[in-house]
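Listed below, chain by chain, are the residues.
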Amino acid sequence: MRKHAPAALALAAALLLAGCAQEQPSASSQIFAMDTVMSLEVYGDGAEERAAQAAETIYRLEDLWDVTDEGSEIWALDHSGGAWVDLSPETAELLDQALALCALTDGALDLTAYPAVRAWGFTTGDYRVPAREELEALVPLIDYTRLELDAAGARARLPEGMELDLGAVAKGYAGALLARQLREAGTASALLSLGGNIQAVGARPDGSPWRIAIQDPAQDGQAALGVVEIVDQAVVTSGGYQRYFEEDGTRYWHIMDPDTAAPARGGLSSVTVIGADGTVCDALSTALFVMGAERAADFWRDHPELEVELILTAEDGSVQITQGLEDCFEPAQGLEAAVIAP
Ligand code: ADP
Ligand code: MG
């Protein structure tokens, strides 16, 4: 017994040290990409290198998708005059997945809403309220069904005059891809915050769930609506409080209703989607914001196969959560969240 004691003690001490070391992110970096601030926290062996690789991947995706960059694949698609454009595997994969989500949401998500986004000045910051006739002329240009994707051949084409952008899904896809790469490299714990899109790999190093604060749109995101606990999931929020301008007392935001080419007015101020697939969560956060609370709740009931949960905040400040969040969403003090049942 006595003989083994020092070895046992040494082992216990080593475990304790490892335990302490795990509390700190092994690597933590902040980058600016895709028009927003991103932070990458990676834990465990090789964290430094994996965080650096993740940043490289984000910059590469940004170069592929920046709608204003003449060297990007999306710029090429938007300016090819209807000709086929060759795509990288990532762009083809994202377009394939996103087009399916455009169809699933009955066009509430529409990748070709870009002419409307531009007409309102969201691409340059020169905000304006376009005339009715101008918007009426834009509506026929918004139609994702006219984007032809040859996924196997990794190429696509868009009719002349139409334009698409991946703003509604790019960060979600980036989070999903990075999570996949980190898991494959053996990382068991990481938290990626990509400008409002949260993507978790595993749980916290101590095994407890990540605790993610959801911004309260009524306070321009300065306070929390509550906290949601997640493991291995994405948490994506779209809201009218993130990018907007005001004119004559009316607020106009960057999420467009494809039917009107104007900011979507479904009565919601924010939508948070929680689920395993970051691309799905990002696509739905935008689409459900367009749909409004009632249609969003119906969509959730109709699509249990998507395995997502929702937090819907209405413009009157009321909050609804879907039933699966009852045990993992903690509302801020004094807040009552109504539950949407299946
Ligand atoms: P954010 O990127 O601010 O987190 P979203 O994911 O909701 O928010 O994406 C909004 C972006 O998507 C807009 O900036 C615009 O480029 C594009 N967009 C706006 N309306 C739509 C829509 N109905 N369908 C698809 N993309 C849209
Ligand atoms: Mg989105």
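The shown structure was predicted, so the numbers you read here are calculated from the model rather than taken from an experiment. (Residues numbered from 1 in each chain as written. Chains lettered and ligands numbered in written order. Predicted model: local features only at pLDDT ≥ 70, side-chain atom pairs only at ≥ 80, totals over all residues. Heavy atoms only, no water.)

S.K.: Which parts of the structure should I look at to understand the packing of helix α8 (residues 278-291) against helix α9 (residues 293-302)?
M.R.: The packing of two helices is summarised by the inter-axis angle and the distance between the axes. At a minimum axis separation of 6 Å, α8 and α9 run at an interaxial angle of 130°. Classified by the interaxial angle, the pair formed by α8 and α9 is oblique. Touching L284, L288 and M291 of α8 are R295, A296 and F299, all from α9. The residue makeup of the contact of α8 with α9, split by class, is five nonpolar, no polar and one charged. (Axes fitted to C-alpha atoms, helices over the stretch in contact; angles between N-to-C directions. Helix = DSSP H or I, 4+ residues; strand = E, 2+ residues; numbered from the N terminus. Parallel < 35°, antiparallel > 145°, perpendicular 65-115°, else oblique. Contact = heavy atoms within 4.5 Å. Nonpolar A, V, L, I, M, F, W, Y, C, P; charged D, E, K, R; others polar.)

S.K.: Whenever I open this one, the site of ligand 1 confuses me. Can you help?
M.R.: Near ligand 1 lie 18 residues; those nearest to it are D165, S238, H254, M256 and T286. Between ligand 1 and G167, the relevant distance is 3.5 Å, taken from an oxygen atom to a main-chain nitrogen or oxygen of the residue. Across the complex, the protein chains shield 95% of the 570 Å² of accessible surface that ligand 1 would expose by itself. The dominant element in the shell around ligand 1, judged by the number of residues it contributes, is α8, at three residues. Across the shell around ligand 1, the residue classes break down as eight nonpolar, five polar and five charged. (Near = heavy atom within 4 Å. Polar contact = N/O pair within 3.5 Å; in protein donor to acceptor, adjacent residues only side chain to side chain. Areas by Shrake-Rupley, 256 points an atom, 1.4 Å probe, with all protein chains shown as cover.)

S.K.: Please clarify how the pattern of salt bridges should be interpreted in this entry.
M.R.: Enumeration over the complete set of coordinates arrives at twelve salt bridges. Across the salt bridge formed by R251 and E246, the nearest N and O atoms sit 2.9 Å from each other. Taking relative accessible area as the criterion, R251 reaches 25% and is therefore assigned partly exposed. Overlapping salt bridges bring together R211, E229 and E330 as one network. (Salt bridge = Lys/Arg side-chain N within 4 Å of Asp/Glu carboxyl O. Buried < 20%, exposed > 50% of the residue type's maximum accessible area, 1.4 Å probe, protein only.)

S.K.: Would you take a moment to explain the coordination of the magnesium ion (ligand 2) for this structure?
M.R.: Around a metal, the idealised angle for a tetrahedral arrangement of four donor atoms is 109.5 degrees; for an octahedral arrangement of six donor atoms it is 90 or 180 degrees. Every protein donor of the magnesium ion (ligand 2) is accounted for by A168 (O), D282 (O), D282 (OD) and T286 (OG1), and the metal-donor separations fall at 2.1 to 2.5 Å. Between consecutive donor residues of the magnesium ion (ligand 2), the sequence gaps follow A-x113-D-x3-T. Residue A168 is found in the loop between β5 (155-157) and α7 (170-184), and its partner D282 is found in helix α8; the two are separated by 114 residues along the sequence. (Donors = N, O, S within 2.8 Å, 3.2 Å for Na, K, Ca; no water.)

S.K.: So what exactly am I meant to see when it comes to the pairing of strand β12 (residues 250-253) here?
M.R.: The side chains of a regular strand alternate, first on one face of the sheet and then on the other. Pairing analysis gives four bridges linking strand β11 (residues 244-247) to β12, with the strands arranged antiparallel. Counted as the bridge partner of Y244 is W253 from β12. Hairpin connection of β11 to β12: two residues between the antiparallel strands, including D248 at a positive phi of 50°. (Pairing = 2+ DSSP bridges.)

S.K.: What should I look at first to understand the environment of L164 in this one?
M.R.: Here L164 shows up in the loop between β5 and α7. We classify L164 as buried; its relative accessible area is 0%. Expressed as a C-alpha distance, the spacing of L164 and P209, which sit 45 residues apart in the sequence, is 37 Å. Filtering out sequence-adjacent residues up to four positions away, L164 remains in contact with V67, I74, L77, D78, L95, L111, T112, Y114, L147 and L158.

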